[in-house]
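# Residue-level structural notes
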Amino acid sequence: LPLRHYILFYLTNQSLCLSLVCCDITDGNAEHLKREHSLTKPYQGVGSSPSSQWDFSGSTLVTSSYVRLTPDERSKQGSIWNTVPCYLKDWEMHVQFKIHGSGKKSLHGDGIALWYTKDRLHSGPVFGNQDQFLGLAIFLDTFRNDLDGTARSFPYISAMVNNGSVSYDHGKDGRSSELGGCSAEIRNRDHDTYLAIRYSKGRLTVMVDVDDKNEWNECIDIGGVRLPTGYFFGASAATGDLSDNHDIISMKLYQLMVEHTAEEENLDWTKIEPSVSLLKSPKDNIDDPTGNFRGTPLTGWKVFLLLLCALLGIVVCAVVGAVVFQRRQERNKRFY
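Quantities reported herein were computed from a predicted structural model and do not represent experimental measurements.

The rules behind these values
Residues numbered from 1 in each chain as written. Predicted model: local features only at pLDDT ≥ 70, side-chain atom pairs only at ≥ 80, totals over all residues. Heavy atoms only, no water. Helix = DSSP H or I, 4+ residues; strand = E, 2+ residues; numbered from the N terminus. Buried < 20%, exposed > 50% of the residue type's maximum accessible area, 1.4 Å probe, protein only. Contact = heavy atoms within 4.5 Å. Areas by Shrake-Rupley, 256 points an atom, 1.4 Å probe, with all protein chains shown as cover. Disulfide = S-S within 2.5 Å. Polar contact = N/O pair within 3.5 Å; in protein donor to acceptor, adjacent residues only side chain to side chain. Core = buried A, V, L, I, M, F, W, Y, C linked by side-chain atoms within 4.5 Å. Pairing = 2+ DSSP bridges. Phe/Tyr/Trp six-rings, centres within 6.5 Å; stacked < 30°, edge-to-face > 60°. pLDDT = per-residue confidence, 0-100. Salt bridge = Lys/Arg side-chain N within 4 Å of Asp/Glu carboxyl O. Axes fitted to C-alpha atoms, helices over the stretch in contact; angles between N-to-C directions.

## Comments concerning the overall build of the protein
The helix and strand tally for the protein stands at 2 helices and 18 strands. Counting all 336 residues of the protein, 46% fall into the buried class. Put simply, 69% of the contacts in the protein that link residues at least 6 apart link residues at least 24 apart. Looking at the protein as shown, the accessible area adds up to about 17,200 Å², and 53% of this sits on carbon and sulfur atoms.

What follows is the structure in structure tokens.
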């Protein structure tokens, strides 16, 4: 692969840090690639044997060039899962994928999901995986289900963290549980397409490179995310009445070398419950064309407080302006 750089800003210990990251070598050292959690050509170690590091199910087909989760056929589900639980506190996953098919305009579906979850190999209605999962999901959704929804364009990439109690709402394209997202042209591209998921110090960042410019573009960036260790990485896809080829070319996991406090080091990270420190539950999320999380509509009391603050601000500005004007007038009189 060609060398590709991106500049990723992230907040660490309340200071703004600048990190220059390469596409294939996250922090400049090849040894930080964790091969036991990586899926690369020619896909050795994939299968159902006890020594396999990756297992697959459903319609998944493993070739020498790609792992096809679903063919361009109706009503297919497929997935591939790492058999080794990940105990890294800070990591970055780079995924090379390809979504393509004969469907034109909106006649294709449904998309790919990338997972970091407690359970694996449980087929279900959420892009080929189970609903009410425990962990993190990144959805590469290629079909709009909610025709009465917002004006966001598809394909659409979004993130969801679940503690097992929330269902993914396909009818609303997952907006009620979405933490953030962006639109991206990821279908039928003639060049390679990539996605990177970074989790470090409680911050989740998703980057995409789908324009053949050898650079990452930020899609999602949200803090306050808590994910336990000991979960499994995987990918799944599904088709319905409409279809596509959903291919995974590679999944490469890198360990991020990050210092933690003594309190964090002594914490049992396997017991953490997946969560996001938001002002409200994602279930209360409302339509937002930008795909970003935002609060509920303002109540009458909040509107009153905002108007009062605005009025006080105007009064203060008027008083300050009058004082400044008076002093200038007095100073000008002394020169005559």
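Once the structure has been displayed, the description carries forward.
## Here's the deal with the state of the cysteines
The full count for this structure, using the stated rule, is 1 disulfide. Two residues share a disulfide in this structure: Cys182 and Cys219, whose sulfurs sit 2.0 Å from each other. The sign of the -105° torsion about the S-S bond sets the Cys182-Cys219 disulfide as left-handed. Here Cys219 lies in strand E14 (residues 217–222) and Cys182 lies in strand E11 (residues 180–183), a separation of 37 residues in the sequence. For the pair Cys182 and Cys219, a shared accessibility class is recorded, and that class is buried.

## Structural notes on the side chain of His100
Turning to its location among the elements, His100 is positioned in strand E7 (residues 91–100). Classification of His100 as buried rests on a relative accessible area of 18%. Side chain to side chain, His100 and Arg68 meet in a polar contact 3.4 Å long. The contact partners of His100, leaving out residues within four places of it in the chain, are Arg68, Arg187, Asn188, Asp244, Asn245 and Asp247.

## Description of the nonpolar core
Core analysis: the biggest nonpolar cluster contains 48 residues, and Trp91, Leu114, Ile138, Leu195 and Ile248 have the highest contact counts within it. Sorting elements by how many residues they give to this core places E7 first, with 5 residues. When neighbours within four sequence positions are excluded, Trp91 is seen to be in contact with Tyr116, Leu136, Ile197, Arg198, Tyr199, Leu227, Phe233, Leu253, Tyr254 and Leu256. Core analysis: the next-biggest nonpolar cluster, separate from the first, contains 12 residues, Trp81, Phe127, Phe139 and Phe232 among them.

## A look at the sheet that holds strand E12 (residues 193–200)
Overall, antiparallel pairing links the 7 strands, which are arranged E4-E5-E17-E7-E12-E13-E14 in an open sheet. Looking at the sheet topology across the chains shown, the edges are occupied by strand E4 (61–62) and E14. One ladder, built from 10 bridges, connects E7 with strand E17 (residues 245–255); its direction is antiparallel. Among the inter-strand pairings, His100 is bridged to a residue of E17, identified as Asn245.

## Comments concerning the packing of aromatic side chains
This structure, assessed with the given rule, holds 11 aromatic pairs. With a centroid separation of 5.8 Å and 85° between ring planes, the pair formed by Trp115 and Phe139 is classed as edge-to-face. With Trp115 in strand E8 (residues 111–117) and Phe139 in strand E9 (residues 134–141), the pair connects residues that are 24 residues apart, well separated along the chain. Residue Trp115 is classed as buried on the basis of its relative accessible area of 3%.

## Notes on the confidence of the model for the protein
The predicted structure's coordinates, where accompanied by low pLDDT, should not be read in detail. Averaged over all residues, the pLDDT of the protein is 83; the fraction at 70 or higher stands at 79%. Segment residues 1–25: pLDDT under 50, and 64 contacts once partners within four positions in sequence are set aside and those in other chains are kept.

## What about the environment of Gly111?
Structurally, the position occupied by Gly111 is in strand E8. As for Gly111 and Thr70, which are separated by 41 residues in sequence, their C-alpha atoms are 9.7 Å apart. When residues no more than four places from it in sequence are discounted, the contact partners of Gly111 are Phe127, Leu140, Thr142, Ser236, Ala237, Ala238 and His246.

## Focus on the pattern of salt bridges
The tally for this structure, following the rule as stated, stands at 11 salt bridges. Residues Glu73 and Lys76 are paired through a salt bridge, measuring 3.8 Å at the closest nitrogen-oxygen approach. Between Arg187 and Asp244 there is a salt bridge, and its shortest N-O distance comes to 2.6 Å. Of this pair, Arg187 sits in the loop between E11 and E12 while Asp244 sits in the loop between strand E16 (232–238) and E17, and the two are 57 residues apart along the sequence. A single burial state applies to Arg187 and to Asp244, both of which are buried. Each of the salt bridges in this network shares a partner with another, and the network as a whole consists of Asp146, Lys172 and Arg175.

## What to know about the sheet that holds E9
Strands sit in the order E3-E6-E16-E8-E9-E10-E11 across an open sheet of 7 strands; the sheet is antiparallel. With partners counted over all chains shown, the strands left at the sheet margins are strand E3 (54–58) and E11, one partner each. Put simply, the sheet's adjacent strands are angled 15° from each other on average, direction ignored.

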